[in-house]
Amino acid sequence: MAKKASLFECQACGFQSTKWVGRCSNCGSWESFLELNSEQIKVLKESTTTKSATSKPLPITEISHEEISRFSSFEDELDLVLGGGIVPGSLVLIGGSPGVGKSTLLLKIAGNLAQNGNKVLYVSGEESLSQIKSRASRIGSLSDNLFMLSEIKLESITPQVTSGEFGFLVIDSIQTIYSERLPSAPGSVTQVREITFELMRKAKDENIAIFIIGHITKEGSIAGPRVLEHMVDTVLYFEGDVGKELRMLRAFKNRFGTTSEIGIFEMSSAGLVSAKDAANSFFSKKASQAGSAITVILEGSRAILLEVQALVSQCSYGYPK
């Protein structure tokens with residue numbers, strides 16, 4: 001009797017092996033291999049054996065130069081980090097710790113675009129539509145051009161993307177979306193990889209900008225396979241202390257611009273706003289006091305003033321501190 005073929009996949013990076021191993025040789029994670037069932041193996045084989053039209057190679061000198069067009073998000077800090085604005089047809093991944101403001105930021109951007117005449121689709125798989133409307137009312141993002149969809153099935157989202165009606169799409173979050181073609185659970189390596197690949201194809205084919213929110217692990221990296229970050233055009237990390245007002249937006253990958261810029265936002269009662277005068281938050285405005293010095297650092301094209309304080313006190317010991 002023929003032996004059953006088995007395939008195991010690492011849930012941390014997507015590395016595959018014909019036998020179970022305790023430690024992944026690709027990413028080093030322990031106890032992360034799960035056996036794929038026959039349906040999952042069949043889907044993987046079909047995706048790798050799909051025939052495509054043969055492309056003819058061209059000399060690089062004969063390829064026409066294409067200028068990258070951009071449109072503003074009407075949020076100066078985000079435009080700065082993206083390199084000047086949102087690129088149509090781009091796929092952007094934004095990650096951050098829970099509660100830092102990822103959904104609030106993208107809902108604010110969606111509202112800005114909708115209020116300026118663009119049709120926007122916001123797909124949420126984590127919150128109800130009434131919860132999102134309540135937040136949109138607080139941050140001033142209500143608009144007739146902002147459409148909401150509470151859905152986690154990819155096959156129900158795809159027709160909305162291909163309809164040509166929307167020019168901007170938000171997926172909140174990628175770990176909650178699943179495809180009926182794959183029998184694995186939402187958030188698994190197979191689901192995240194295949195759904196991201198499908199969204200990438202739709203973004204390029206329909207020339208629609210797609211922003212997807214990704215959860216992060218306790219180590220601070222985006223959850224799911226590492227191939228997720230390789231597939232998207234831009235990877236943004238939203239950082240900040242949940243108990244403080246300031247938030248930092250950094251680009252760790254950007255195919256359309258630099259990764260040296262940072263965006264500074266402030267969490268207020270009206271939601272996230274661009275911190276235009278953020279330099280004043282890093283010093284006490286008392287440069288004349290003893291033990292205080294003001295210095296300037298450069299983050300990308302932004303100059304930030306910082307205060308360095310030296311605090312000393314009298315000590316009766318031989319080695320004062």
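The structure we're discussing is the one just above.
Student: Account for the sheet that holds strand β5 (residues 120-124), with residues named and values stated.
Tutor: If you trace the nine strands from one edge of the open sheet to the other, you get β6-β5-β7-β8-β4-β9-β10-β11-β12, paired in mixed fashion. The outermost strands of the open sheet, each flanked by one partner alone, are β6 (146-150) and β12 (271-274). Averaged over neighbouring strand pairs, the angle between their axes works out to 25 degrees when direction is ignored.

Student: Quick one: what's the story with the side chain of E9, residue by residue and with numbers?
Tutor: Here E9 lies in strand β1 (residues 8-10). In terms of polar contacts, E9 uses its side chain to reach the side chain of Q16, at 3.2 Å. Leaving out residues up to four positions away in the same chain, E9 has contacts with G14, F15, Q16, S32, F33, L34, L36, V189, T190 and R193.

Student: Describe the sheet that holds strand β2 (residues 16-17), and please don't skip the residues or the numbers.
Tutor: The antiparallel open sheet is built from three strands, whose spatial order is β2-β1-β3. The strands lining the two open edges of the sheet, one partner per strand, are β2 and β3 (33-35). By the bridge criterion, three bridges tie β1 to β3 in an arrangement that is antiparallel. Considered in β3, the bridge of E9 is made with L34.

Student: Go over helix α4 (residues 129-139) with me, naming the residues and quoting the values.
Tutor: Listed in full, the buried residues belonging to α4 are I132, R135, A136 and I139. Mapping the buried residues of α4 onto a view down its axis gives an arc of 105 degrees, with all of them on the same face. Seen from the open side of α4, the exposed residues pointing more than 90 degrees away from its buried face are S130 and K133. In this structure, the buried residues of α4 make contact with α3 (102-115), β5, β6 and β12.

Student: So what about the pairing of strand β10 (residues 246-254)? Which residues, and what values?
Tutor: Here strand β9 (residues 234-239) runs beside β10; their pairing, made up of six bridges, is antiparallel. Paired with T234 across the strands is N254, a residue of β10. Hairpin connection of β9 to β10: six residues between the antiparallel strands, including G240 at a positive phi of 150 degrees. Looking at chain direction, β10 and strand β11 (residues 262-268) are connected through five bridges and run antiparallel. If you follow L249 over to β11, its bridge partner there is G263.

Student: Let's hear about the nonpolar core: which residues, and what values?
Tutor: If you look at the biggest cluster of nonpolar residues, it comprises 31 residues, and the most contacted ones within it are I94, L105, F168, L236, F238 and L249. Sort the elements by how many residues they give to this core and α3 lands first, with seven residues. Counting residues in each nonpolar core, the second largest holds 23 residues, with L91, I171, I195 and Y237 among its members.

Cut-offs used in this document
Each chain carries its own residue numbering, running from 1 in the direction its sequence is written. Totals for whole chains, interfaces and linings use all residues, but because this is a predicted model, local features are given only for residues with pLDDT of at least 70 and pairs of side-chain atoms are given and counted only at 80 or more. Excluded from the side-chain calculation are hydrogens and water; included are all heavy atoms of the structure. Any two strands with at least two DSSP-identified bridges between them are counted as paired. To qualify as a helix, a DSSP run of H or I must reach at least 4 residues; to qualify as a strand, a run of E must reach at least 2; elements of each kind are numbered from the N terminus. Convention adopted: a line fitted to C-alpha atoms gives each axis, helices being fitted over their contacting stretch, and angles between N-to-C directions are expressed from 0 to 180 degrees. A 3.5 Å cut-off defines polar contacts: any pair of N or O atoms within that distance qualifies, except that in protein one atom must be a possible hydrogen donor and the other a possible acceptor, and neighbouring residues in sequence count only when both atoms are side-chain atoms. Any two residues having at least one pair of non-hydrogen atoms within 4.5 Å are treated as being in contact. Exposure classes here rest on a 1.4 Å probe applied to the protein chains alone. A residue is buried below 20% of its type maximum, exposed above 50%, and partly exposed in between. The arc in question is the one spanned by the directions pointing from the helix axis to the C-beta atoms. Here, nonpolar core refers to any group of buried Ala, Val, Leu, Ile, Met, Phe, Trp, Tyr and Cys residues whose side-chain atoms link them within 4.5 Å.

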